[in-house]
Amino acid sequence: MIWFTWQISGSGYRCVDGVLYANSATKAQALACLREEFAESICLEFANLDCTPEQVLEFAGRFGLLKDPSDQAESIATWEQEVTSIRAVLSISASGDAEHATTKYAEGWSRQSGVEASYSPNAYKSGLEFRCVPRDFSSWLWLQVGQTLRDRKVGRCKQCNVLFFKGGGKGRRRAQSRSTKQFCTIECKVTFNNSLSKERRQSISPVS
Ligand SMILES: [Zn+2]
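Residues numbered from 1 in each chain as written. Predicted model: local features only at pLDDT ≥ 70, side-chain atom pairs only at ≥ 80, totals over all residues. Heavy atoms only, no water.

Student: I'd love a proper account of the coordination of the zinc ion, names of residues and values included.
Tutor: Taken together, the protein donors to the zinc ion comprise Cys157 (SG), Cys160 (SG), Cys184 (SG) and Cys188 (SG), at separations of 2.3 Å. Around the zinc ion, the 4 donor atoms are arranged such that angles at the metal cover 105 to 116 degrees; this shape is classified as tetrahedral. Between consecutive donor residues of the zinc ion, the sequence gaps follow C-x2-C-x23-C-x3-C. A residue pair is termed long-range when its members are at least 10 positions apart, and Cys160 in the loop between strand 8 (153–156) and strand 9 (163–166) and Cys188 in helix 7 (residues 186–204) qualify at 28 residues. The partly exposed category is assigned to Cys160, whose relative accessible area is 33%. Classification of Cys188 by relative accessible area gives buried; the value is 11%. (Donors = N, O, S within 2.8 Å, 3.2 Å for Na, K, Ca; no water. Tetrahedral: all angles 85-135°; square planar, octahedral: opposite > 155°, others 65-115°. Helix = DSSP H or I, 4+ residues; strand = E, 2+ residues; numbered from the N terminus. Buried < 20%, exposed > 50% of the residue type's maximum accessible area, 1.4 Å probe, protein only.)

And the structure:
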């Protein structure tokens, strides 16, 4: 139900003095409604950005600028504000304070340009379909985070500290993402367990 037309510069972006500039006119992609897992992973990747010019350029090269799609330039400070704010919502959720997370979410959403909502003809089935179409990428990120938080929990990886979603979902996906999950990936779980057993071995046989 969340649809969006990504507008991306065909030849990427460059960063000069803390401002991103499109290297060419932006091209509008087809209106799309992403599968939940894709949408979630974009939100997570965004929340985990360090906001160095390199990281922001790489991300913008795939998804475009955050605000007014007709703008050809955007400050990295805008990215820092949205990344910090979405990360705060997820961190607070991960700590279990749902009420505070909700307040922070509402604060962030109030800064967004919002959505257009409509009943539109469905391309594949007859009848109408409810669509929310965010006015910019930043609004899409916030809307998608809100939708995900209704159904899923946020965890923080015990090994690498990144935020991830867990619990909720259906069928196979639910089984793969139990709400008790402690690591973002199998790799992190293995690294963590290996370092634990190494510590144990060292404590059992101290170096003489
Ligand atoms: Zn991890």
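Student: Any details on helix 2 (residues 53–63)? Residues and values, ideally.
Tutor: Residues of helix 2 that are buried include every one of Val56, Phe59, Ala60 and Phe63, and no others. Each buried residue of helix 2 lies within a common arc of 100 degrees when the element is viewed along its axis, so the set occupies one face. The elements touched by buried residues of helix 2 are strand 1 (7–9), strand 2 (13–16), strand 3 (19–22), helix 1 (36–47), helix 3 (76–94) and helix 5 (137–151). Trailing helix 2 by a residue or two, Gly64 shows a phi angle of about 90 degrees, which is positive. (Arc of directions from axis to C-beta. Contact = heavy atoms within 4.5 Å.)

Student: Which residues make up the packing of helix 4 (residues 98–109) against helix 5, and what values do they have?
Tutor: Between helix 4 and helix 5, the shortest axis-to-axis distance is 10 Å and the interhelical angle comes to 155 degrees. If you check the angle between helix 4 and helix 5, you find them roughly antiparallel. The way helix 4 lies across helix 5 gives a crossing that is left-handed. Where helix 4 approaches helix 5, its residues Lys104, Tyr105, Gly108 and Trp109 are matched on the opposing element by Ser139, Trp142, Leu143, Val145 and Gly146. Considered class by class, the residues forming the contact of helix 4 with helix 5 number 5 nonpolar, 3 polar and 1 charged. (Axes fitted to C-alpha atoms, helices over the stretch in contact; angles between N-to-C directions. Parallel < 35°, antiparallel > 145°, perpendicular 65-115°, else oblique. Left-handed = near helix turned anticlockwise from the far one by under 90°. Nonpolar A, V, L, I, M, F, W, Y, C, P; charged D, E, K, R; others polar.)

Student: Quick one: what's the story with the state of the cysteines, residue by residue and with numbers?
Tutor: Under the counting rule described, the total for this entry stands at 0 disulfides. Here Cys15 is not disulfide-linked; the sulfur of Cys51 is the nearest cysteine sulfur, at 11 Å. Overall, Cys15 belongs to the partly exposed group, its relative accessible area being 27%. Relative accessible area serves as the criterion here: at 9%, Cys51 is assigned to the buried category. (Disulfide = S-S within 2.5 Å.)

Student: Explain the sheet that holds strand 3 to me, using residue names and the numbers behind them.
Tutor: Judged by pairing direction, the sheet is antiparallel, and its 3 strands sit side by side in the order 2-3-5 without closing on themselves. Looking at which strands have only one partner, the edges of the open sheet turn out to be strand 2 and strand 5 (73–75). Put simply, the sheet's adjacent strands are angled 25 degrees from each other on average, direction ignored. Along the sheet, helix 2 makes contact with strand 2 and strand 3, crossing strand 2 at roughly 155 degrees. (Pairing = 2+ DSSP bridges.)

Student: Which residues make up the pattern of salt bridges, and what values go with them?
Tutor: Inspection of the entire model under this criterion finds 9 salt bridges. A salt bridge links Glu45 to Arg62, with the nearest nitrogen and oxygen atoms 2.4 Å apart. Of this pair, Glu45 sits in helix 1 while Arg62 sits in helix 2, and the two are 17 residues apart along the sequence. Residue classification places Glu45 among the partly exposed positions, given a relative accessible area of 32%. Of the charged contacts, one joins Arg131 and Glu129 as a salt bridge, the two residues approaching to 3.0 Å between their closest N and O atoms. Taken together, the shared-partner salt bridges in this structure form one network comprising Glu45, Glu58 and Arg62. (Salt bridge = Lys/Arg side-chain N within 4 Å of Asp/Glu carboxyl O.)

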